[in-house]
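Tertiary structure, described
In case you want the letters, here they are:
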Amino acid sequence: YTRGTVTAFSPFDARADAEALRKAMKGMGTDEETVLKILTSRNNAQRQEIASAFKTLFGRDLVDDLKSELTGKFETLMVSLMRPTYIFDAHALKHAIKGAGTNEKVLTEILASRTPAEVQNIKQVYLQEYEANLEDKITGETSGYFQRLLVVLLQANRDPDSGVDEGLVEQDAQVLFRAGELKWGTDEEKFITILGTRSISHLRRVFDKYMTISGFQIEETIDRETSGDLEKLLLAVVKCIRSVPAYFAETLYYSMKGAGTDDDTLIRVMVSRSEIDLLDIRQEFRKNFAKSLHQMIQKDTSGDYRKALLLLCGGDDE
């Protein structure tokens, strides 16, 4: 079951696709249209088969060829589409914590939005691929309560969704209220523990109860009482508990809103959600931003990069 815009292409012929791609990139000039049409209309598993057929037929590496024939954002997008699904998040995190400066935005987006099972998988893949412990790497590059909440999320021990205990809902909501609105300064630890470990269905009830008790949405309190990377992470966690597709719709909107585009975020979200919930993200986008995702991409990007993004997006939600 998937709410993605990209599904398995049928009838699929990996060799025919490999041949078409080789032809598109051979000799002078590149036929970008063929490249983008094939890669956006096959799912990730099929793209891996194409890469394998490409190597078998021509003794060449498809990703290396894409890198040498394409440029700029279009190249980044095509190469991202070729990255095996299972390694996508681990790779993004690796690049977010390497070298000078850490990309907190990437850590926040991935660790706030992935399920506990996905986080466990990311940790395993990270260890296999990079022979390093993801938690150690992240704690080495972060600090304070931001670091602590990341570590809690990395444990991937969120309570499973089962019957909600109204008594505990009331109790958690009161604890958050006292830690946030009532206290001089904020008891960040309470926020971290409750938001990082309770079940999704429980927390949704806690947020409703919090609103009843305090007269504020919990996002408003977080916004007022915290700042910087911790604030962004707490808000991302709350938004993902409310609705992961709504969180990504907002992430996409702000990647394109205003002057300049945050193409790294745009590419990462479009590629990573294309086989999971991009249809739901589109729906939330339309509902919350008075225009469609398709229209915004159309307006904000250009060239082959735009064509490929629009194909990944699928339809327009008028």
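Looking at an unreviewed UniProt entry, one finds the protein named Annexin and attributed to Fregetta grallaria. Per UniProt, the protein carries the Sequence similarities (unreviewed entry) text "Belongs to the annexin family."

Describing the overall build of the protein
A count of helical and extended segments in the protein gives 20 helices and zero strands. Its C-alpha atoms give the protein a radius of gyration of 21 Å, near enough to 20 Å, the size a compact globule of 318 residues would have. Its C-alpha atoms put the protein at 70 × 45 × 40 Å along the principal axes. For the protein, the proportion of its 318 residues judged to be buried stands at 47%.

A short note on unusual backbone geometry
Of the consecutive residues S10 and P11, the connecting peptide bond is found in the cis state with omega at 0 degrees. Not every positive phi belongs to a glycine, and A156 is a case in point at roughly 55 degrees. The residue A156 is located in the loop between α10 (144-155) and α11 (166-180) in this model. The exposure class of A156 is buried, given its relative accessible area of 13%. Backbone geometry at A290 places phi at a positive 55 degrees, although glycine is not the residue there. Residue A290 is classed as exposed on the basis of its relative accessible area of 68%.

Considering the confidence of the model for the protein
Per-residue pLDDT for the protein averages 94, and the proportion of residues at 70 or more is 99%. Averaged pLDDT values over the elements of the protein bottom out at 93 in helix α14 (residues 218-225) and peak at 98 in helix α3 (residues 44-58).

Let's talk about the nonpolar core
One finds M78 and M270 to be the most contacted residues of the largest nonpolar core, which totals 96 residues. The element that contributes the greatest number of residues to this core is helix α15 (residues 228-242), accounting for nine residues. Setting aside residues no more than four positions away along its own chain, M270 makes contact with L252, L278, L293, I297, L309, L312 and C313.

With respect to the environment of A179
Topologically, A179 is positioned in helix α11. When the C-alpha positions of A179 and K190 are compared, they lie 6.8 Å apart, and in sequence the two are 11 residues distant. Excluding residues within four positions of it along the chain, A179 makes contact with G185, T186, D187, K190 and F191.

Topic: the packing of helix α19 (residues 293-300) against helix α20 (residues 303-313)
Across the interface, α19 lies against α20 with an axial gap of 10 Å and an inter-helix angle of 175 degrees. In this view, α19 runs roughly antiparallel relative to α20, as classed from their interaxial angle. On α20, the residues that touch L293, H294, I297 and Q298 of α19 are R306, L309, L310 and C313. Of the residues assigned to the contact of α19 with α20, the class counts are five nonpolar, two polar and one charged.

Regarding the side chain of H202
Checked against the element boundaries, H202 lands in helix α13 (residues 200-214). With a relative accessible area of 6%, H202 lands in the buried category. If we ignore the near neighbours within four places in the chain, the residues touching H202 are D161, V164, L168, V169 and D172.

Here's the deal with the packing of aromatic side chains
Summed over the entire model, instances satisfying the criterion amount to eight aromatic pairs. When the ring of F177 is compared with that of Y210, the centres are 6.5 Å apart and the planes differ by 80 degrees; the resulting orientation is edge-to-face. With F177 in helix α11 and Y210 in helix α13, this pair connects stretches of sequence that are 33 residues apart. Each member of the pair, F177 as well as Y210, carries the same accessibility label: buried. These aromatic residues form a ring-pair network of at least three members: Y253, Y254, F285 and F289. Here the guanidinium or amino end of R22 rests over the ring plane of F58, the centre of that ring lying 6.0 Å away. Against the face of F9 rests R42, its NZ or CZ located 3.8 Å from the ring centre.

Structural notes on the pattern of salt bridges
Opposite charge on two side chains permits them to pair, given that their charged atoms come into close proximity. Inspection of every chain in the model, using the stated rule, returns 23 salt bridges. Among the salt bridges present, the one from K55 reaches D61, with a minimum N-O distance of 3.3 Å. Accessibility expressed as a relative area gives 46% for K55, which makes it partly exposed. E166 is the partner of R205 in a salt bridge, and the nearest nitrogen-oxygen pair spans 3.1 Å. Pair noted here: R205 is in helix α13 and E166 is in helix α11, with a separation of 39 residues, a long-range link. Residue R205 is classed as partly exposed on the basis of its relative accessible area of 29%. Three or more residues joined by partner-sharing salt bridges are found here, namely E33, K37, D304 and K307.

Calculation rules
- Residues numbered from 1 in each chain as written.
- Predicted model: local features only at pLDDT ≥ 70, side-chain atom pairs only at ≥ 80, totals over all residues.
- Heavy atoms only, no water.
- UniProt positions renumbered as here; feature names shortened; annotations may be inferred.
- Helix = DSSP H or I, 4+ residues; strand = E, 2+ residues; numbered from the N terminus.
- Rg over C-alpha atoms; globule rule 2.2 N^0.38 Å.
- Buried < 20%, exposed > 50% of the residue type's maximum accessible area, 1.4 Å probe, protein only.
- pLDDT = per-residue confidence, 0-100.
- Core = buried A, V, L, I, M, F, W, Y, C linked by side-chain atoms within 4.5 Å.
- Contact = heavy atoms within 4.5 Å.
- Axes fitted to C-alpha atoms, helices over the stretch in contact; angles between N-to-C directions.
- Parallel < 35°, antiparallel > 145°, perpendicular 65-115°, else oblique.
- Nonpolar A, V, L, I, M, F, W, Y, C, P; charged D, E, K, R; others polar.
- Phe/Tyr/Trp six-rings, centres within 6.5 Å; stacked < 30°, edge-to-face > 60°.
- Lys NZ or Arg CZ within 6 Å of the ring centre and 35° of its normal.
- Salt bridge = Lys/Arg side-chain N within 4 Å of Asp/Glu carboxyl O.

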